[in-house]
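Tertiary structure, described
Residue strings, one per chain:
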Amino acid sequence: MTAVLAMSWNMLPKDNPADPKTEDLAAQRLVQRVARNLDREAFAELFDAFAPRVKTFIIRKGASPDLAEDLVQETMINVWTKAGYYDPAKGSVLTWIFTIARNLRIDRIRRESSRPVSELGDFDPPSEAPAGEEILARKDEARSVARALSKIPPEQMEILTLSFIEDLPQAEIARRLNLPLGTVKSRMRLAYGHLRKNLEQPA
Amino acid sequence: MNIEHHLDAATLVAYAAGTLDEAFNVVVASHLDWCPACAEEARRAALLGGELIGKLAATPVSDECRSRTLGMLDTATLHRFPKAPSSGGELPEALEYLLKGKSLAELSWKRKAPGLALYDLPLSEASSGKLFLMRIAPGTAMPEHGHGGEEITLILSGAYNDRFGRYARGDVADLDESIEHQPIVEKDSACICLVATEAPTRFKSWPARLLQPLIGI
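Here the structure is a predicted model, which is why all the values come from computation and not from measurement.

**A short note on the interface of chain B and chain A**
Contacts between chain B and chain A engage 51 residues on the former and 57 residues on the latter. Put simply, the parts of the chain that give the side of chain B that touches chain A at least two residues each are helix 1 (9–17), helix 2 (22–34), helix 3 (36–54), helix 4 (63–71) and helix 5 (93–98) of chain B. By residue number, the principal contributor to the side of chain B that touches chain A is helix 3 of chain B, which donates 12 residues. When the residues that make up the side of chain B that touches chain A are grouped by side-chain class, the tally is 30 nonpolar, 12 polar and nine charged.

**Here's the deal with the pairing of strand 2 (residues 116–120) of chain B**
Residue and element names in this part refer to chain B. As judged from the three bridges shared by strand 1 (residues 110–113) and strand 2, these two strands associate in the antiparallel manner. In the sheet register, A113 faces strand 2, and the bridge partner there is L116. If you look at the hairpin formed by strand 1 and strand 2, you'll find two residues sitting between the two strands, and G115 has a positive phi there, around 85 degrees. In the sheet, strand 2 pairs with strand 3 (residues 129–136) via five bridges, with the strands oriented antiparallel. What sits directly across from D120, in strand 3, is F132.

**Concerning the confidence of the model for chain B**
Do not read the predicted coordinates in detail wherever pLDDT is low. Residue and element names in this part refer to chain B. Averaged over all residues, the pLDDT of chain B is 85; the fraction at 70 or higher stands at 85%. For the stretch residues 212–217, pLDDT sits under 50, and the model shows seven contacts to residues farther than four places along the chain or on other chains. This complex was scored by the predictor with a pTM of 0.80 and an ipTM of 0.83.

**Quick look at the packing of helix 3 (residues 40–59) of chain A against helix 4 (residues 65–82) of chain A**
All names here are of chain A. Where helix 3 contacts helix 4, the two axes come as close as 9 Å, and the packing angle between them is 140 degrees. Of the possible angle classes, the one that applies to helix 3 and helix 4 is oblique. For the pair helix 3 and helix 4, the crossing hand works out as right-handed. Contacts from F43, L46, F47, A51, V54, K55, I58 and I59 of helix 3 reach helix 4 at P65, A68, E69, L71, V72, T75, M76, V79 and W80. Across the contact of helix 3 with helix 4, the residue classes break down as 14 nonpolar, one polar and two charged.

**Considerations on the sheet that holds strand 8 (residues 184–185) of chain B**
All names here are of chain B. The strand order across the open sheet built from three strands is 6-5-8, with neighbouring strands paired in antiparallel fashion. On the outer flanks of this sheet lie strand 6 (165–168) and strand 8, each paired with one strand and no other. In the sheet, strand 5 (residues 159–162) pairs with strand 6 via four bridges, with the strands oriented antiparallel. When the bridges of strand 6 are listed, A159 appears paired with A168.

Procedures and definitions
Residues numbered from 1 in each chain as written. Chains lettered and ligands numbered in written order. Predicted model: local features only at pLDDT ≥ 70, side-chain atom pairs only at ≥ 80, totals over all residues. Contact = placed C-beta atoms within 7 Å. Helix = DSSP H or I, 4+ residues; strand = E, 2+ residues; numbered from the N terminus. Nonpolar A, V, L, I, M, F, W, Y, C, P; charged D, E, K, R; others polar. Pairing = 2+ DSSP bridges. pLDDT = per-residue confidence, 0-100. Axes fitted to C-alpha atoms, helices over the stretch in contact; angles between N-to-C directions. Parallel < 35°, antiparallel > 145°, perpendicular 65-115°, else oblique. Left-handed = near helix turned anticlockwise from the far one by under 90°.

Laid out in structure tokens, this is it:
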């Protein structure tokens, strides 16, 4: 299924809206409109494009639908207030929004302790706007990532899914799959190795 | 800074996924602050996550949640100005934050043994790890030891040598738990490191195990 999706992405004409990178460029323009003009229409479009997947992401971690919607709201408000920090050179809008969602989930836990929430893991301040060449390079990069993911064998994909979607630490993954910690780590290294190889030899 | 020893790819993936314990997160973030190569690797690892998340099915969001969110935009506090850039100073940003601006010299170090002082860093209750600074006097040879648990060490100043090479400012020892080594601190200055370990209830940190007979920590 994954492989089929990734292949069809690569075969799509460049401006097809289903192309993940074209979708991201459209999202980048929306984030820019929010950052520069406090454009509410652009924000509403971002909400409709991303909030439903953010909700799935949060529910996958066992949150009730009500709590999930609270966190969806909080995540999207952060998108509004922090739009000026988004830096296309660091990754897609999707990755940025899910970084925010993930940090909010972590903050929920920390809020119960007395220590103030740290800014750790937040996106760094924006660097200069990327040049046209860099945008093109990033477009190729997104395709390389999709291609890498399509080549990752199921046992490595399982580890990636448990990490990125279920947010499980390495030790917990090892317990759940009844594997030695070293095996979990080596599968992570191999999965990352696929990505590196695909990024360094773009098709 | 000439960094020779980097993070394990598995650690970078876990960091990008946000699943590292807070103690380890601080050490990794501190290394990334100083190491552009690992920062780029972490950025790439996050792309994998983005790609996986992009494939998630959509769950309908209620109209109520949508209109509530849109209704809050006017009152939300904007973060329009980028954070001050990292001072590029003596300490990485994540550590500076935890020390509330104090320098390493200003800390009340606890002497644990001749040549060895520790300073515990505060973590939230949610953390199951332990984070501390360790200062080892010039020329000290630590006994040969294994670690018996997860551990990552970042060198902040000074240098030591072991069978894996020379570890100096910016280098990170992200060693497999089965590995044994005998670090020897160089003669000209003390070596100060930032160390994350699993909680002592799950395993005894190696300074503790080394020194337990002497001082009973």
